[in-house]
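# Examining the three-dimensional arrangement
These are the residues of each chain, in order.
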Amino acid sequence: MKKKSTQNILTYTMIAIALIATYVTVNSYYTQLAIYQEKELFKLDCIANAVAYKISGEEHSGLVDKYPSQALLDQVKTDSVFMKIYEQMFMAKEMTKVPSSMFTVIKDSVSNKFVKVISTNDNEWLSELSGKSRQPDSVYAKGGMIGLYEAEDGLHLGALSPVMSGDGEVVGMLQVEESFDSFMSKAQGQIYTNLVITLIFVIVIGILMFLSVKNILKRQEKLAEEKLELENFRRELLANISHDLRTPLAGIHGYIETLLMKKDSLDEVTREKYLITTLQGTAKLKILVDELFELSKLESKEITIHIEPFHIQDLVHDIANQFKLSASEKGVEICVESPEQLPLVKADLALIDRVLHNLLSNALKYCSKGDKVTIGVREIAGKMQISVTDTGSGIAAEDLPHLFDRFYKGRSSQPGTGLGLAIVKNILVLHDSQYQVQSVLGEGTQFTFSLNI
Ligand code: ADP
């Protein structure tokens, strides 16, 4: 997967999360507002019903006949019926803590309009009831929640209940209302708290979603990179194998063909020479196939390393002994420089054996008569440092950065597969080892790597 498309998906995911968060927040705000409104209306309705039930209808409606104009307000306030009903409304208002105004309403037969009779607000005796959403008579008679409506002093929530006479006739109304602003100032605190909780929840889920998408994309990107690398490796491998296999195979094929064709005319010495050459060819092929197999296992992480504590100086001496014979045949000296007492290293013995084997065989390959190969072991800064130093041909500076690449042979004229150091690098990477090479052309080479102790 390309980096750009990953970036795009992440951007789209972020936009989607932001949209979901906005939608959830707005939706949650309006849903909660509606719920609080319903609750408040229900409360107003209960208050209206309770107070209306207590008011005596006949006495209440009779008040208008006794005090038929607004000018008689001071007188009506001292009337015992007025005082009784006023007190009931005032108490209900006090007890319920609803910042509402409460008033009774009748239809004035003279003006044929709804007028306020007794109110918890002062100066409202027989004042005309107005407001856009005043209900028709039939709705008034049933009572119930008026809901949200607009009056001349702004938006209100309201509920009403019929005031009955003794024989069950509706003689008036009791209306309870609350200004929308006062309702909002109570509800907003709770709504905002809930909104913040919802928002935090959505943001946390959003972040988790974003992180998991990011992880999935990262993994996919890595897989795609690995696939590409594998594909390159496959191509490189095919090109190199076909080149490296063709030469020894052509030789083997040629010698066997000659042996078969001239089996009667070949003398014993020549036949043996041909057979030895054929054998050397198959040995070369075997090395190539073995190293390829080993490298492919290491690169595909099929190898599990078995870390164990062991004495590195013992391993170094063993390997030096194994190479002593071929070194002395070439006139090269091999020596080990290591203190007697050293802490144990923690590594995979077989794999480190392979590293030392490859480094030592290279060192010998690029040394000639009179040269020296030294394997050094010492403890530095809590790590074991192992070096293989030779006084051989050395390596050109421009070859050094590519030395650990697969199939890289540099300017070497020596036979080889170019896989030995790639195997070394893979094993050392598995051990989290620090490794390096220093070389001066014509003077010699030193490979160094560290191991945990
Ligand atoms: P090869 O099978 O060719 O030795 P390696 O991966 O082991 O493959 O080495 C890669 C190349 O590094 C060699 O071809 C050679 O050019 C160079 N090289 C490695 N070790 C040494 C050394 N000790 N001295 C000089 N050149 C070396």
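None of the values given here were measured: they were computed from a predicted structure.

## A short note on unusual backbone geometry
Phi is positive for A381, which is not a glycine, with a value near 45 degrees. Assessed through its relative accessible area of 79%, A381 is described here as exposed. The backbone of F407 sits at a positive phi, close to 65 degrees, despite the residue not being glycine. Turning to its location among the elements, F407 is positioned in the loop between strand 10 (383-390) and helix 10 (420-430).

## As for the side chain of D348
With respect to the helices and strands, D348 occurs in the loop between strand 8 (345-347) and helix 9 (349-365). Within the buried set, D348 has no salt-bridge partner at all; the shortest N-O distance to an opposite charge, 11 Å, is to R354. Of note is the side chain of D348, whose polar atom sits 2.7 Å from the backbone nitrogen of H306. Discounting residues that sit within four places of it in the chain, D348 has contacts with T304, I305, H306, I307, F310 and H431.

## Considerations on the layout of surface pockets
Considering only enclosed or pocket space, the largest pocket measures out at about 1,400 Å³ in volume. Lining the largest pocket are 48 residues, and of these N362, K365, Y366, P415 and G416 sit closest to its centre. Every element with two or more residues in the lining of the largest pocket is listed here: helix 6 (180-261), helix 7 (268-299), helix 8 (312-330), helix 9, strand 10, helix 10 and strand 12 (444-452). Its residues assigned to classes, the lining of the largest pocket shows 20 nonpolar, 18 polar and 10 charged. E229, E299, K301, R406 and N426 are, among the 15 residues lining the second largest pocket, the residues nearest its centre. Listed by contribution, the elements that provide at least two residues to the lining of the second largest pocket are helix 6, helix 7 and helix 10. Class assignment for the residues of the lining of the second largest pocket results in 6 nonpolar, 2 polar and 7 charged.

Thresholds applied
- In every chain, residue numbers begin from 1 and rise along the written sequence.
- Two thresholds apply to this predicted model, a pLDDT of at least 70 for residue-level local features and 80 or more for giving and counting side-chain atom pairs, whereas whole-chain, interface and lining totals are computed over all residues.
- The basis for every side-chain value is the complete set of non-hydrogen atoms in the structure, without hydrogens or water.
- Burial classes follow relative accessibility: with a 1.4 Å probe on protein chains only, a residue under 20% of its type's maximum area counts as buried, one over 50% as exposed, and anything between as partly exposed.
- Starting at the N terminus, helices and strands are each numbered in turn, a helix being any DSSP run of H or I of at least four residues and a strand any DSSP run of E of at least two.
- Here Asp and Glu are counted as negative and Lys and Arg as positive; His is not counted, and neither are the chain ends.
- Salt bridge, as used here: a side-chain nitrogen of Lys or Arg that lies within 4 Å of a carboxyl oxygen of Asp or Glu.
- In protein, a polar contact requires one atom able to donate a hydrogen and another able to accept it; more generally it is a pair of N or O atoms within 3.5 Å, and residues adjacent in sequence count only if both atoms are side-chain atoms.
- For this analysis, residues touch if any pair of their heavy atoms sits within 4.5 Å.
- Both cavities and pockets are sets of points on a 1 Å grid over the protein atoms alone; in a cavity a 1.4 Å probe fits but cannot get out, in a pocket the set is open with protein on both sides within 12 Å along at least five of seven lines, and lining residues sit with an atom within 4 Å of a point.
- Grid points are joined across faces, edges and corners, and a volume is the space filled by probe spheres set on the points.
- Lys, Arg, Asp and Glu make up the charged group, whereas Ala, Val, Leu, Ile, Met, Phe, Trp, Tyr, Cys and Pro make up the nonpolar group; the residues left over, Gly among them, are polar.

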